[in-house]
Amino acid sequence: MLVVGAGILGLSISYHIKEHAPSKDVFLVDRFAAVAQGNTARSNAMFRNTFTSRDNVALADSSIDYYLEVQNELGIDLGLKKCGYLWLMSERQASKGEANIRKLKNCGIELREYTREDLQRLLPALRSEFSASDEARLMDLESIAAGIFGEKCGRLDPTKLANYYKERFLALGGKIAVNTNVTSLIVEPRQPLGIEGEPFTWQESNVAGAKVEGAFHGELRAKKTIVAAGAWNNELLEPIGLDGHVKAKKRQLFTLTAKKSEELERLLRTRTFSSEGFPFAILPKNACFVKGVEENREFWVGCDDDFNRPFINVPDANLEDCKPEPEYFERSLYPILRQYFPAFEGSRAGQMWAGYYAYNTLDSIPFAFEENDLIVAGGQSGSGIMKADALGRIVEALYRLGEDGDATLHGGRGYRIRNLGFKNRSVEREEWVI
Ligand SMILES: Cc1cc2nc3c(=O)[nH]c(=O)nc-3n(C[C@H](O)[C@H](O)[C@H](O)COP(=O)(O)OP(=O)(O)OC[C@H]3O[C@@H](n4cnc5c(N)ncnc54)[C@H](O)[C@@H]3O)c2cc1C
């Protein structure tokens, strides 16, 4: 068994396969110098069980339960803090989201609803009223009318989570090769005839492993190959005529120190929503968000603006070329931020970095399918850390049972594997992508 891509997904898949079948040889390869150095390392690593799609709810909710159990019951620190998600909504957004909120509540998702008055009391640093501001009008900023707080939501440390899966996988006898670039997948006839130019169209063929260069050279042959290469899925799949089903889009994060302002320090230590600190706050404009990282005395901010931000079919392999844009913070993000939180007035970006979301543009739900001894998984659309455990379990079940089987997610919930495939896909489209 060969797994390509040692990001959080490849690690979770490899671990779950090995856990289920310890005698199976599982070889995980990655072209970076260590595991989880791709978009996993560049993630905001927030988690939530608040999605509009029941599929995303199932994947995230069960993964979160698993991460909570690992940290709270096994005592393994994943840096997990249940600080909650606070969606700040204009009147228009609140009425548009009403049905989804009701649906989540009916599913048992722990949500608290706040009025503007509640928010003013619980979060006095938030400016919620803009009717008299010319600048806000110019920027089309809406006043805040309501807030929704997701309780089983928060942040974790993606490196710690990745190391958890890595250590478990290695302890079970799994093997990892880093600095190993897969240059192509090997396609060959199931019954070779030894004729030059095989496989021909009339021959049944399959994927029999991969060609690699770097720490390992040559061919890695495997009965089953799994591609979990994230934003780079297309690079390996398109040359063999398969649709990688992902489009990459650059996403950026900026840090803002709280050290120079008492007001920001106070904001960071907010305890009115959860004992774990400032909630992940999503503003009504472009899902612009603010995360508190109290241990570093800083905030992280970013934005989910989709239109006019280009898709990339195959991003460069070198993530160093995926650069953040300081002017994006200054001209696009900061003007919104300082309006809703005036305490950020004068803040300048400290550290900044960028990575890629791997979008499944069809419905923003992950996929997992098998074709000719090749299993492909991905399309987490910007929320792959929080769904990694469930997706790992589904891919393991796909490998073992095929598309017609059922996977068992953490906590015993069943999930029909074929729902995440493309031939018999049956998922609800996700509307709340951040
Ligand atoms: C700025 C930003 C913020 C985010 N915020 C969140 C968030 O708050 N919460 C959340 O859940 N998710 C978030 N995400 C998304 C999350 O990071 C991803 O969904 C997740 O990390 C994807 O994991 P992955 O294993 O599929 O991909 P990656 O971590 O990118 O791993 C893919 C791996 O495949 C390897 N690879 C690719 N091609 C080859 C090849 N040919 N040969 C060998 N190796 C190869 C790469 O080197 C890489 O290590 C964010 C992402 C970004 C960029």
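What comes next concerns the included structure. On a predicted model such as this, the values are computed, not experimentally measured, just so you know. For every chain, the first residue of the written sequence is number 1, and numbering continues from 1 along that sequence. Local features in this predicted model are restricted to residues whose pLDDT is 70 or higher, and side-chain atom pairs enter the listing and the counts only when it is 80 or higher, whereas totals over whole chains, interfaces and linings include all residues. Processing note: side-chain calculations cover all non-hydrogen atoms of the structure and skip hydrogens and water entirely.

Before going further, it helps to examine the sheet that holds strand E1 (residues 2-4). Only strands that DSSP links by at least two bridges are regarded as paired with each other. A run of H or I in DSSP counts as a helix once it spans at least four residues, and a run of E counts as a strand once it spans at least two, with each numbered from the N terminus. Taken in spatial order, the six strands make up an open sheet running E8-E2-E1-E12-E20-E19, and their pairing is mixed. A single partner strand is all that each edge strand has here, and the edge strands are strand E8 (175-177) and strand E19 (367-371). Each neighbouring strand pair of the sheet contributes to a mean axis angle of 20°, computed without reference to strand direction. Bridge count for E19 against strand E20 (residues 374-378) is five bridges, and the pairing is antiparallel. Of the residues in E20, the one forming a bridge with alanine 368 is alanine 377. Residue contacts follow a heavy-atom distance rule, with two residues in contact if any of their heavy atoms lie within 4.5 Å. In this analysis an axis means a line fitted to C-alpha atoms, helices contributing only their contacting stretch, and an angle means the value between N-to-C directions, from 0 to 180 degrees. Strand contacts of helix H10 (residues 388-401): strand E12 (225-227), E19 and E20, with the helix running at about 20° to E19, the strand carrying the most contacts.

The next subject is the site of the ligand. A single heavy atom is enough: if one lies within 4 Å of a molecule or strand, its residue is considered near that molecule or strand. Every one of the 34 residues lining the ligand counts as a neighbour, but Asp30, Thr40, Met46, Val182 and Ile385 are closest to it. Two N or O atoms form a polar contact when they lie within 3.5 Å of each other; inside protein one atom must be a possible hydrogen donor and the other a possible acceptor, and for residues adjacent in sequence the pair counts only when both atoms belong to side chains. Within the backbone of isoleucine 385, an N or O atom sits 2.9 Å from an oxygen atom of the ligand. Only helix H1 (8-20), strand E9 (180-189), strand E13 (247-257) and strand E18 (352-359) provide two or more residues apiece to the shell around the ligand. Asp, Glu, Lys and Arg are counted as charged, while Ala, Val, Leu, Ile, Met, Phe, Trp, Tyr, Cys and Pro are counted as nonpolar; the rest, among them Gly, fall into the polar class. Residue composition of the shell around the ligand, grouped by class: 15 nonpolar, 15 polar and four charged.

We now examine the environment of tryptophan 300. Positionally, tryptophan 300 belongs in strand E16 (residues 298-302). In contact with tryptophan 300, other than residues within four places in its own chain, are Ser43, Asn44, Leu253, Phe254, Thr255, Phe289, Val290, Lys291, Val293 and Trp353. A polar side-chain atom of tryptophan 300 sits 2.9 Å from a polar atom in the side chain of glutamate 298.

Turning our attention to helix H2 (residues 54-72). A helix is expected to span 1.5 Å for every residue after the first. Compared with the 27 Å implied by 1.5 Å per residue over 19 residues, the 26 Å span of H2 between its first and last C-alpha is a close match. For H2, the buried fraction is high: 15 of the 19 residues fall into the buried class. Where H2 starts, the residue carrying a side-chain oxygen 3.0 Å from the main-chain nitrogen of aspartate 55 turns out to be serine 53. Residue burial is assigned from relative accessible area. The probe radius is 1.4 Å, only protein chains are included, and a residue is buried under 20% of its type maximum, exposed over 50%, and partly exposed in between.

Empty space within the largest pocket amounts to approximately 850 Å³. As for the largest pocket, its lining consists of 29 residues, and the residues nearest its centre are Lys96, Asp304, Glu431, Trp432 and Val433. For the lining of the largest pocket, the secondary structure elements donating two or more residues are strand E4 (85-89) and helix H3 (91-106). Per-element accounting of the lining of the largest pocket gives the leading share, five residues, to H3. Looking at the lining of the largest pocket, its residues break down into 12 nonpolar, seven polar and 10 charged. Definitions used for this entry: grid spacing 1 Å over protein atoms alone; cavity, a set of points where a 1.4 Å probe fits but cannot get out; pocket, an open set with protein on both sides within 12 Å along at least 5 of 7 lines; lining residue, one with an atom within 4 Å of a point. Grid points are joined across faces, edges and corners, and a volume is the space filled by probe spheres set on the points. Of the voids in this model, the second largest pocket is the one considered here, and its volume is about 290 Å³. Surrounding the second largest pocket, 17 residues form its lining, Leu156, Asp157, Pro158, Lys291 and Trp300 being those nearest its centre. Looking at side-chain class alone, the lining of the second largest pocket contains seven nonpolar, four polar and six charged residues.

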